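One letter stands for each residue in the lines below.
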2 protein chains.
Amino acid sequence: MMSIKQMSFLEKLRSVLPSELIVQDELVLSENSRDFGQLAVEPLQPIAVVFPTQVQQVQQVMRLATEFSIPVISRGAGTGVSGGVHVIGQAVILNLSKMNRIIEIRPDDEIAVVEPGVINQELNIAAAKYGLMYAPDPASYKMSTLGGNIATNAGGLRCAKYGVTRESVLSLDVVLADGRLIRVGKNTFKGVAGYDLTALFTGSEGTLGIVVRAVLRLRYLPVDERDLSLLFPTLEDAVHGVQIIAKATIQPAILELIDHATMQVLDEQYSTSLADAGGAMLLIRLDGYGAMREEEVIRYSFANHNVVVSVEGSSEATQLIEMRRTSRGDTKDDAYRTGEDVAIPKSKMVEYVRRLQKVAKQERVQMRLISHVGDGNLHPTFSVEPNDGSDPLDRLNRVVETSVRLALEMGGTITGEHGVGLIKKDWLPWEQSTEVLQIQKDIKSLLDPSGILNPGKAI
Amino acid sequence: MMSIKQMSFLEKLRSVLPSELIVQDELVLSENSRDFGQLAVEPLQPIAVVFPTQVQQVQQVMRLATEFSIPVISRGAGTGVSGGVHVIGQAVILNLSKMNRIIEIRPDDEIAVVEPGVINQELNIAAAKYGLMYAPDPASYKMSTLGGNIATNAGGLRCAKYGVTRESVLSLDVVLADGRLIRVGKNTFKGVAGYDLTALFTGSEGTLGIVVRAVLRLRYLPVDERDLSLLFPTLEDAVHGVQIIAKATIQPAILELIDHATMQVLDEQYSTSLADAGGAMLLIRLDGYGAMREEEVIRYSFANHNVVVSVEGSSEATQLIEMRRTSRGDTKDDAYRTGEDVAIPKSKMVEYVRRLQKVAKQERVQMRLISHVGDGNLHPTFSVEPNDGSDPLDRLNRVVETSVRLALEMGGTITGEHGVGLIKKDWLPWEQSTEVLQIQKDIKSLLDPSGILNPGKAI
């Protein structure tokens with residue numbers, strides 16, 4: 001049942017926007033009520049989903065939302081995994097996926113100007129015509145929008161070398177809660193005029209404003225790419241291998257750690273036999289003019305280490321990287337399952353995994369691990385069978401909480417790249433002090449005094 | 001003459017701090033009243049200079065400054081060039097140069113934990129023992145403090161490849177205006193918990209809080225370094241050369257453009273004969289495993305371009321890079337002189353320089369140019385002889401203003417790396433809208449409600 005206020009809001013919205021932009025079809029409402037995050041609580045249905053195609057329309061929605069105090073959740077493809085766009089109260093959805101024009105690519109300036117609904121991969125396809133790439137590559141890059149990437153400050157596989165989303169965002173056009181349009185940042189790689197509001201909006205998960213245009217830094221496509229897989233006897237050996245690569249001053253574009261349990265799942269899915277051949281695996285992509293020499297150094301460094309290195313020039317490692325990109329190995333869909341996203345100082349990697357494995361074992365929870373190990377970002381996945389013993393969800397939750405507490409104990413963070421959203425909100429005070437949380441709430445109040453921008457999320 | 005309020009403040013300060021930390025010696029007051037920025041207005045004398053050695057002492061200063069409403073200017077070595085620490089009203093100086101401990105270097109995590117008074121070069125010397133470096137290298141790196149680098153979000157020569165200061169700052173301990181101590185950020189390369197307060201404090205020029213500890217990202221020292229100098233017939237050719245290098249997907253660690261007027265000054269200073277050999281010069285440092293191949297590609301690319309490339313393996317280019325680092329070629333100290341710091345989209349480089357040269361010529365102002373051309377950051381230097389014609393300072397100022405207006409007209413920024421400070425404050429509204437300026441003022445009010453942190457600067 002809609003309230004009179006909500007009906008008045010919609011009526012006024014219909015008077016200023018083309019009617020086809022405002023959708024109340026049940027299926028669309030349902031699809032737009034959530035992201036890929038696995039929450040215990042079912043999302044509510046939004047009042048309506050608005051699909052603006054122009055900046056002015058976003059401004060109109062925000063003006064009316066302010067006038068009628070209607071919360072607004074902006075979203076793109078909804079590929080986030082932290083429940084950042086889950087509907088938890090009355091809300092209108094601002095779905096920006098139809099604002100999907102690549103406004104301009106300026107190859108000589110190495111920048112692109114885009115609307116928020118452009119799919120990450122589409123920008124990369126367009127940029128490739130000029131020999132350029134947009135570096136941040138979250139696993140969802142084939143589906144996720146750049147607006148969503150900016151809202152979560154998305155990471156990805158190659159960000160150890162090329163930086164996370166924030167490092168590629170130069171300027172943003174932002175519609176504020178009250179409908180005003182501002183431009184922050186600059187069109188150049190460097191610029192220090194005033195406070196860094198661009199970084200403030202990047203990663204703010206739709207709670208400070210609506211990004212309607214972005215100037216993004218592009219980079220030249222690397223001249224060479226060489227993929228390697230390294231099979232180690234144990235996880236400890238693989239982590240030690242990461243240090244060997246670092247000490248050789250090699251900065252891979254991609255450096256992924258795969259644990260034995262994940263190797264077993266990959267074997268099931270792809271009929272490989274990784275798990276028999278080793279206890280842990282590193283997947284490495286080297287790129288640029290140094291790739292060939294770096295490959296030589298890696299092969300030489302591990303020649304006497306009981307490490308199985310993929311055959312030179314074979315496509316095996318490339319296939320494994322693609323398998324890794326598209327899958328966390330979630331095969332059994334009847335299990336309770338949750339994936340985590342902590343980041344920890346790299347030196348603590350082995351200790352973290354071993355202590356966590358011990359707790360998982362005690363609680364009879366299955367644990368697998370993949371990691372952007374080059375920057376200490378870990379994605380453990382936990383699962384229990386619904387019928388296996390008592391309180392399976394409680395046991396699952398205890399292990400998940402342990403994974404977060406251990407990360408904080410070791411000087412890490414609760415979220416390396418997924419964002420806080422709804423799922424991690426209760427953990428934020430474990431990481432940040434009351435004062436720091438209050439400053440963020442105050443900044444939120446400053447930019448969104450009526451609290452209508454994605455309330456209850458991120459901070 | 002000190003006011004009663006100021007005397008009471010000092011008296012109370014003396015009761016809580018060791019007396020030797022509070023200095024009122026005329027010479028020290030004078031030295032601490034300004035930075036390297038060339039301002040028309042002479043700075044005032046501060047009330048006192050406090051040299052804290054511990055975080056608690058900084059907190060005590062801020063508590064009392066809040067109690068007595070005494071403005072506080074925090075500073076390091078004072079090598080800034082925007083007047084960011086110039087004393088323009090009553091103020092106590094918080095000189096952080098004695099908080100200069102490298103608290104910890106964790107080689108396996110590739111991070112350093114430092115106090116704000118550590119000299120940039122000292123961290124690099126300490127990190128080098130582990131094969132690591134701190135990448136941001138402002139020209140002042142032998143003298144400037146990391147706290148000052150953070151306050152201005154300093155750039156440098158190698159930031160096109162390795163990023164500006166912000167990209168190397170992971171976490172900050174900040175003493176707020178009222179003396180509370182907070183910690184923002186994380187110890188890992190990636191982390192998206194809450195808003196990016198670390199980026200907000202970085203580059204805020206002492207107006208939001210006092211940085212008393214920083215966790216900095218280190219990087220492995222590159223395995224190879226190769227320096228090249230390229231002499232081009234004209235400036236246009238040199239800028240075109242930059243595009244050729246970019247299209248070959250080569251990312252130099254250093255890529256500097258030197259114009260003909262600067263080459264003449266270098267010839268005078270170092271008895272070289274650059275100016276006869278070409279019309280503009282690029283200085284290039286290639287590093288890492290790809291350096292050798294990249295050098296080959298550059299040599300091949302320019303083989304038929306009427307370009308004089310330095311002899312392979314010679315130290316000529318390395319010497320030129322050092323000359324560039326330590327000098328803008330300011331020889332004649334009787335001239336009125338000012339240096340600028342705009343950044344523009346790279347494709348506009350030639351147009352910018354030619355239009356600016358034209359105006360400089362009309363106004364009979366000498367102009368030289370060096371540029372971190374890899375990221376579009378230009379440092380034109382303008383000078384006039386005091387006795388050459390009428391209104392020399394007016395003519396100088398008109399050219400400087402033109403340099404800024406042209407940069408903005410071309411989509412650039414008024415400051416690529418020096419910061420706004422005092423000198424560029426009047427220009428900030430040329431670049432940023434009233435709304436954006438107001439948001440920054442509101443954030444400032446939030447964190448510094450009595451406005452005692454470096455008032456009148458940066459925003």
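Residues numbered from 1 in each chain as written. Chains lettered and ligands numbered in written order. Predicted model: local features only at pLDDT ≥ 70, side-chain atom pairs only at ≥ 80, totals over all residues. Heavy atoms only, no water.

(A) The interface of chain A and chain B, seen in detail. Across the boundary between the two partners, chain A contributes 87 residues, which contact 87 residues of chain B. Where chain A abuts chain B, roughly 6,900 Å² becomes buried across the two surfaces, and 59% of that area is made up of carbon and sulfur atoms. Of all residues in chain A, A:Lys190, A:Tyr195 and A:Tyr289 give up the largest surface area on contact with chain B, accounting jointly for 16% of the area buried on that side. Counting across the chain A and chain B interface gives 12 salt bridges. Measuring nitrogen to oxygen at the nearest pair gives 2.9 Å for the salt bridge that ties A:Asp108 to B:Lys247. Where chain A packs against chain B, one counts 32 residue pairs in polar contact (both at pLDDT 80 or more). When residues of the side of chain A that touches chain B are assigned to their parent elements, the largest contribution, 9 residues, is made by helix α17 (residues 434–447) of chain A. (Contact = heavy atoms within 4.5 Å. Buried area = accessible area lost by both parts, 1.4 Å probe. Salt bridge = Lys/Arg side-chain N within 4 Å of Asp/Glu carboxyl O. Polar contact = N/O pair within 3.5 Å; in protein donor to acceptor, adjacent residues only side chain to side chain. Helix = DSSP H or I, 4+ residues; strand = E, 2+ residues; numbered from the N terminus.)

(B) Broad picture of the UniProt feature "domain: FAD-binding PCMH-type" (unreviewed entry) in chain A. Mapped onto the present numbering, the UniProt feature "domain: FAD-binding PCMH-type" (unreviewed entry) falls at residues 42–221 of chain A. As a span, residues 42–221 of chain A carries 24% helix and 24% strand, and end to end its C-alpha atoms are 43 Å apart. (UniProt positions renumbered as here; feature names shortened; annotations may be inferred.)

(C) Inspection of the side chain of A:Ser74 at higher detail. Within the secondary structure, A:Ser74 is located in strand β3 (residues 72–75). In this structure, A:Ser74 is in contact with A:Val85, A:Leu94, A:Leu96, A:Gly206 and A:Ile210, ignoring residues within four places of it in sequence.

(D) Geometry of the packing of helix α9 (residues 235–247) of chain B against helix α14 (residues 349–362) of chain B. All names here are of chain B. One can describe the packing of α9 onto α14 by two numbers: an axis separation of 10 Å at closest approach and a directional angle of 155°. Here α9 is positioned roughly antiparallel relative to α14, judged by the angle of their axes. Every pair of crossing elements has a handedness; the one defined by α9 and α14 is right-handed. Touching Leu 235, Glu 236 and Val 239 of α9 are Met 349, Val 350, Val 353 and Arg 354, all from α14. By residue class, the composition of the contact of α9 with α14 is 5 nonpolar, no polar and 2 charged. (Axes fitted to C-alpha atoms, helices over the stretch in contact; angles between N-to-C directions. Parallel < 35°, antiparallel > 145°, perpendicular 65-115°, else oblique. Left-handed = near helix turned anticlockwise from the far one by under 90°. Nonpolar A, V, L, I, M, F, W, Y, C, P; charged D, E, K, R; others polar.)

(E) Seen up close, a nonpolar patch on the surface. Residue and element names in this part refer to chain A. On the surface, a cluster of nonpolar side chains totalling about 280 Å² of accessible area is made up of Phe 36, Val 81 and Met 143. Relative to the helices and strands, Val 81 is located in the loop between β3 and β4 (92–95). Exposure remark for Val 81: the relative accessible area of 36% places this residue in the partly exposed category. (Patch = residues over 30% accessible without salt bridge, like charges linked within 9 Å, V, L, I, M, F, W, Y side chains within 5 Å. Areas by Shrake-Rupley, 256 points an atom, 1.4 Å probe, with all protein chains shown as cover. Buried < 20%, exposed > 50% of the residue type's maximum accessible area, 1.4 Å probe, protein only.)

(F) Focus on the packing of aromatic side chains. The final tally for this structure, using the stated rule, is 6 aromatic pairs over all chains. Taking 5.6 Å as the distance between ring centres and 85° as the angle between the ring planes, the aromatic pair formed by A:Phe232 and A:Phe302 counts as edge-to-face. Remark: A:Phe302 occurs in the loop between α12 (291–301) and β15 (308–309) and A:Phe232 occurs in strand β12 (residues 225–232); sequence separation between them is 70 residues. We note that A:Phe232, like A:Phe302, is buried. Residue placement shows A:Arg217 over the ring face of A:Phe189; its charged tip is 3.8 Å from the ring centre. The ring of B:Trp430 carries the charged tip of B:Arg405 above its face, separated from the ring centre by 3.7 Å. (Phe/Tyr/Trp six-rings, centres within 6.5 Å; stacked < 30°, edge-to-face > 60°. Lys NZ or Arg CZ within 6 Å of the ring centre and 35° of its normal.)

(G) Highlighting the relation of the copies chain A and chain B. Turning chain A through 180° and shifting it by 0.0 Å along the axis lays it on chain B, with an RMSD of 0.0 Å. Taken together, the rotation and translation describe the operation of a two-fold axis. By C-alpha distance to the rotation axis, the residue of chain A lying nearest is A:Gly290, at 1.7 Å. Of all interface residues in chain A, 100% are interface residues in chain B too; the two copies therefore contact each other through one and the same surface. (Least-squares fit on C-alpha atoms with pLDDT ≥ 70 in both.)

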